[in-house]
Amino acid sequence: MNTRLDPVLSRIDSDLDATLDRLMDLLRIPSISTDPAHKADCLKAAEWLVEDLKSLGAEAELCETPGHPMVYGKIGSGGPHLLFYGHYDVQPVDPLDLWDHDPFAPFIEERETGKVIRGRGASDDKGQLMTFVEACRAWIAEHGTLPCTITFFFEGEEESGSPSLIPFMEANKDRLSADLALICDTSMVAPGVPSICSQLRGMLKDEFTLTGPVMDLHSGHYGGPALNPLREISKIVASFHDDQGRVTVKDFYEGVQEVPADILEQWKGCGFDEEEYLSGVGMTESHGEAGYSTLEQQWSRPTLEINGMWGGYQGPGTKTVIPSEAHCKITCRLVGTQDPDAIRENLRAHVESRLPVDAKVTWNQDLDGSPAAVMNTARPEFEAARQALSAEWDREAVFAGMGGSIPIAGFFTTILGLDSMLVGYADDDDRIHSPNEKYGLKNFHKGIRSWARILDAVSKA
Ligand code: BES
Ligand code: MN
Ligand code: MN
């Protein structure tokens, strides 16, 4: 019996329909941050959140930036001070024809495995963000106050590189100060296995154009003598990895540590289902770096991926052309203390040293990088949250690595001196960034209950 928490949990259960209606309202706003055509929608989502925070009794305001606005709110006094971060922007929806419904007309779908919330942003990150807001709402409705002080900080540019984030954090250090940051934007290692993120990979983005002839050429007239940029870029791209799947860029693995044996042992028991992870996307085996398990490849090994490569004629039929240009987009996932700037330099040198005579390369100068982040799991709040989650999900919560990147977790530390604790309730098959995104209704419901338990536990820790 927990006389403070139990009524909050009951209220969450009885208010679930109204809670879902609110999430649906937010999901109907097409806040695609990368697309200028949706600028007004991003503003609308931010305004919606300001109003929603005010409905909790929080002080809340919209903060203009050169890009999409931030949402800032504060409620409560006393107890530990927690800063909750989430993002209200979503990924673009194309290819639209692969959706089986309008991405911004959310609905509940009955599946054999249970009900799911369908729509862009259901899982990444509107549904997850609202789990925390709704936990606060239930707590306030029941007790008139929270057991802690909470600052809300919502961003609308996470899916488009967060250009305004660092300047905003630098300029608002005081307003963002707290004891601990909380983030709900991660997944669970396996369905039903509550997971606290222990490490996130960093990211380096780069992009180049390889130019050969000054214009597209007739492949009969010039085929033979001409330098073909697509052929040359293919050779360069093929040289990024050896036949063991290791990246060959100089010093790429500097700062990469092997995972300690005891952590590897812990990961083995975390409930991750390799077979399902692979077969769910049509793979029969893992294609990564030799000598590392699938989980290590996903969580603790760095990668260099080609995200896009194009050039030449792409239309219907044939065009006998030697293109003037070829293009390549690259991102690396980083771990340990790998330095994005050093890797960028070596990556560029790798490409430039392989250019044939008459070829030129130009680099996109606007792309950034962020290092990997390791969470401070020794803080007492992590153990408090672990116990709270274990009670809610009837299964021991685990500390799990994550393959994705949430650069703000690192910025909280470097700019604000703030540790972050990331707890998320997404499933790996939520199709985030893909057509037909969903969020399990159970994940949403238990996610809200989980935060209520965590607030209770952390405010006592
Ligand atoms: N919520 C994701 C990151 C994520 C997904 C972490 C699943 C853990 C599990 C976030 O919105 C995202 O998409 N991040 C980008 C960031 C990048 C563009 C800097 C990513 O990981 O690709
Ligand atoms: Mn996200
Ligand atoms: Mn995302």
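Whatever comes next refers back to the structure up there.
Conventions we followed
Residues numbered from 1 in each chain as written. Chains lettered and ligands numbered in written order. Predicted model: local features only at pLDDT ≥ 70, side-chain atom pairs only at ≥ 80, totals over all residues. Heavy atoms only, no water. Core = buried A, V, L, I, M, F, W, Y, C linked by side-chain atoms within 4.5 Å. Buried < 20%, exposed > 50% of the residue type's maximum accessible area, 1.4 Å probe, protein only. Contact = heavy atoms within 4.5 Å. Donors = N, O, S within 2.8 Å, 3.2 Å for Na, K, Ca; no water. Tetrahedral: all angles 85-135°; square planar, octahedral: opposite > 155°, others 65-115°. Near = heavy atom within 4 Å. Polar contact = N/O pair within 3.5 Å; in protein donor to acceptor, adjacent residues only side chain to side chain. Areas by Shrake-Rupley, 256 points an atom, 1.4 Å probe, with all protein chains shown as cover. Nonpolar A, V, L, I, M, F, W, Y, C, P; charged D, E, K, R; others polar. Axes fitted to C-alpha atoms, helices over the stretch in contact; angles between N-to-C directions. Helix = DSSP H or I, 4+ residues; strand = E, 2+ residues; numbered from the N terminus. Parallel < 35°, antiparallel > 145°, perpendicular 65-115°, else oblique. Pairing = 2+ DSSP bridges. Salt bridge = Lys/Arg side-chain N within 4 Å of Asp/Glu carboxyl O.

With that out of the way, let us pick up the nonpolar core. Ranked by internal contacts, the top residues of the largest apolar core, which has 106 residues, are F152, F153 and F412. Not counting chain neighbours up to four residues away, the residues in contact with F152 comprise L53, L56, V71, Y72, G73, K74, I75, F84, F132, V133 and C136. Membership of the second largest hydrophobic core comes to 26 residues, among which are L204, L210, I233 and V335.

Before going further, it helps to examine the coordination of the manganese ion (ligand 3). Taken together, the protein donors to the manganese ion (ligand 3) comprise D124 (OD), E159 (OE), E159 (OE) and H433 (NE2), at separations of 2.1 to 2.7 Å. One can describe the site at the manganese ion (ligand 3) as irregular: its six donor atoms subtend angles covering 54 to 156° at the metal. For the manganese ion (ligand 3), the donor residues sit on a single chain with the sequence spacing D-x34-E-x273-H. Residue class for D124 comes out buried when judged on its relative accessible area of 8%.

Taken together, 15 residues lie near ligand 1, and E158, D185, R333, S405 and H433 sit nearest. Between H87 and ligand 1, the recorded distance is 3.2 Å, taken from a side-chain N or O atom to an oxygen atom. Between H433 and ligand 1, the recorded distance is 2.9 Å, taken from a side-chain N or O atom to an oxygen atom. Surface burial for ligand 1 is 83%, taken as the share of its 520 Å² of free accessible area covered by protein chains. Tallied by class, the residues present in the shell around ligand 1 amount to four nonpolar, six polar and five charged.

We now examine the packing of helix α2 (residues 16–27) against helix α3 (residues 39–55). Contact pair α2 / α3: the axes reach a minimum separation of 10 Å and the direction vectors enclose 155°. Our classification of the angle between α2 and α3 gives roughly antiparallel. Contacts from R22, D25 and L26 of α2 reach α3 at A45, W48, L49 and D52. Classifying every residue of the contact of α2 with α3 by side-chain character gives four nonpolar, no polar and three charged.

Below, the discussion takes up the pairing of strand β6 (residues 149–155). The element β6 is largely enclosed, with a buried count of seven among its seven residues. Taking every second residue as pointing to the same face, both faces of β6 are buried, with T149, T151, F153 and E155 on one and I150, F152 and F154 on the other. In this structure, strand β2 (residues 70–75) lies alongside β6, joined through five bridges in antiparallel fashion. Opposite G73, over in β6, you have F152 as the bridge partner. The sheet contact formed by strand β3 (residues 81–87) and β6 spans seven bridges and is parallel. Along β6, the bridge assignment pairs L82 with I150.

Throughout the structure, instances matching the rule amount to 35 salt bridges. We note a salt bridge from E170 to K173, for which the minimum N-O separation is 3.5 Å. Residue classification places K173 among the partly exposed positions, given a relative accessible area of 38%. Between R449 and E392 there is a salt bridge, with its nearest N and O atoms 2.9 Å apart. Taken together, the positions of R449 in helix α13 (residues 441–460) and E392 in helix α11 (residues 380–393) put the pair 57 residues apart, joining distant regions of the chain. Through salt bridges that share partners, D13, E392, K446, R449 and R453 make up one connected network.

Assignment of secondary structure puts H87 in strand β3. At 3.1 Å, the side chain of H87 forms a polar contact with the backbone oxygen of D89. Residue contacts for H87: discarding those within four places in its chain leaves D124, D125, K126, L129, E155, E158, E159 and D185.

These figures come from the coordinates and say nothing about function on their own.
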